[in-house]
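# Analysis of the macromolecular model
The lines below spell out each chain.
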Amino acid sequence: QIAAGRFRHVQLATNGICLADNKLLDHLLERTRIQFVIPLFTLDKDIHKSLTGADTLDCIVRGLHNVALKTMEGLCTLSLKLIILAQTIDEQSGMLDAVHRMDIDPSEYIVSGLCRTDGAIQSGCVVPYNIAKSRISALARKIIATDKPFCFHRIPLCAFEQDLWPYMMTLDREDRMMEYATAYALYP
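This is a predicted model, so every value here is computed, not measured. (Residues numbered from 1 in each chain as written. Predicted model: local features only at pLDDT ≥ 70, side-chain atom pairs only at ≥ 80, totals over all residues. Heavy atoms only, no water.)

Moving on, we come to the overall build of the protein. Per the secondary structure count, the protein includes eight helices and seven strands. Per-residue burial for the protein yields a buried fraction of 36% across its 188 residues. Put simply, 69% of the contacts in the protein that link residues at least 6 apart link residues at least 24 apart. Of the roughly 10,800 Å² of accessible surface on the protein, a fraction of 55% belongs to carbon and sulfur atoms. (Helix = DSSP H or I, 4+ residues; strand = E, 2+ residues; numbered from the N terminus. Buried < 20%, exposed > 50% of the residue type's maximum accessible area, 1.4 Å probe, protein only. Contact = heavy atoms within 4.5 Å. Areas by Shrake-Rupley, 256 points an atom, 1.4 Å probe, with all protein chains shown as cover.)

Below, the structure written as structure tokens:
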């Protein structure tokens, strides 16, 4: 409510659970246009529960569907954020197909990766680049084919097959240098 009174456009990052309630969604959209950023880890209920600790996948999918309908009406936009994890990397490309079969048509795609080449992060979720490369590339090809805006966040160029590099290199030199400096500051 506070943001709606001050800004014409608002970006709201949410897990989407509360958006399963159409009345709440309508209430949120009464005063402003919202860009919803909703992450989706998996469509497998057991994996979802193991990652999030909650049995909320059905609510998230209903929330995504509700926002997708409002997006078609021009009342908001939907940025679908796909998360690359060791537990879900094999299903990412198929998950994109499943989302489309559910009539969820995002305005844009954001893919965020938990990938590393070194041993800096000791986690069961991290995917080494050499293992992720073919799967991330397959997902990128599907997303590029949708002709929707996309962003691959925290996934370096070496994690893509070389024919995809031109699609990933859209920042100018100054922006790339700032991105590298920021990444180095965060992950020396």
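Right, let's talk about the packing of helix H5 (residues 92-101) against helix H6 (residues 129-145) for a bit. The axes of two packed helices give the description: the angle between them and the distance between them. In contact at an axis separation of 8 Å, H5 and H6 are set at 25 degrees when each is read in the N-to-C sense. In this view, H5 runs roughly parallel relative to H6, as classed from their interaxial angle. Residue-level contacts link Gln92, Ser93, Gly94, Leu96 and Asp97 of H5 to Ala138, Leu139, Lys142 and Ile143 of H6. Tallied by class, residues from the contact of H5 with H6 come to four nonpolar, three polar and two charged. (Axes fitted to C-alpha atoms, helices over the stretch in contact; angles between N-to-C directions. Parallel < 35°, antiparallel > 145°, perpendicular 65-115°, else oblique. Nonpolar A, V, L, I, M, F, W, Y, C, P; charged D, E, K, R; others polar.)

Within the secondary structure, Ala98 sits in helix H5. Spatially, the C-alpha atom of Ala98 lies 8.4 Å from that of Leu43, the residues being 55 residues apart in sequence.

Next up on the list: the sheet that holds strand E3 (residues 76-84). A sheet is described by the order of its strands in space; here five strands give the open sequence E1-E2-E3-E4-E7, paired in parallel fashion. In this open sheet, the two edge strands, each paired with only one partner strand, are strand E1 (9-13) and strand E7 (150-153). For this sheet, the mean inter-axis angle between neighbouring strands, taken without regard to orientation, is 15 degrees. In this structure, E1 lies alongside strand E2 (residues 33-40), joined through five bridges in parallel fashion. Pairing of Leu12 across the sheet is with Phe36, part of E2. Strand contacts of H5: E2, E3 and strand E4 (108-113), with the helix running at about 155 degrees to E3, the strand carrying the most contacts. The sheet contacts of H6 involve E3, E4 and E7, and relative to E7 the element is tilted by about 160 degrees. (Pairing = 2+ DSSP bridges.)

Once the chain exits E1 it traverses helix H2 (residues 22-28) before rejoining the sheet at E2, and the crossover so formed is right-handed. The pairing of E2 with E3 spans seven bridges and is classified as parallel. Its bridge partner lying in E3, Pro39 is registered against Lys81. (Right-handed = clockwise from strand over helix to strand, strands pointing away.)

With that settled, the discussion passes to the nonpolar core. Counting 40 residues, the largest nonpolar core has Phe36, Leu40, Leu82, Ile136 and Phe152 as its most contacted members. Within the residue set of this core, elements represented by two or more residues are E2, helix H4 (57-72), E3, H5, E4 and H6. Element by element, the count of residues in this core is highest for H6, at seven residues. Those residues within four positions of Leu40 in sequence are excluded, and the remaining contacts are Leu57, Ile60, Leu64, Leu80, Lys81, Leu82, Ile83, Met95 and Val99. (Core = buried A, V, L, I, M, F, W, Y, C linked by side-chain atoms within 4.5 Å.)

Listed in full, the buried residues belonging to H5 are Gln92, Ser93, Met95, Leu96, Ala98 and Val99. Buried residues belonging to H5 abut E2, E3, E4 and H6. Positive phi shows up at Asp103, right after H5, with a value of about 60 degrees.

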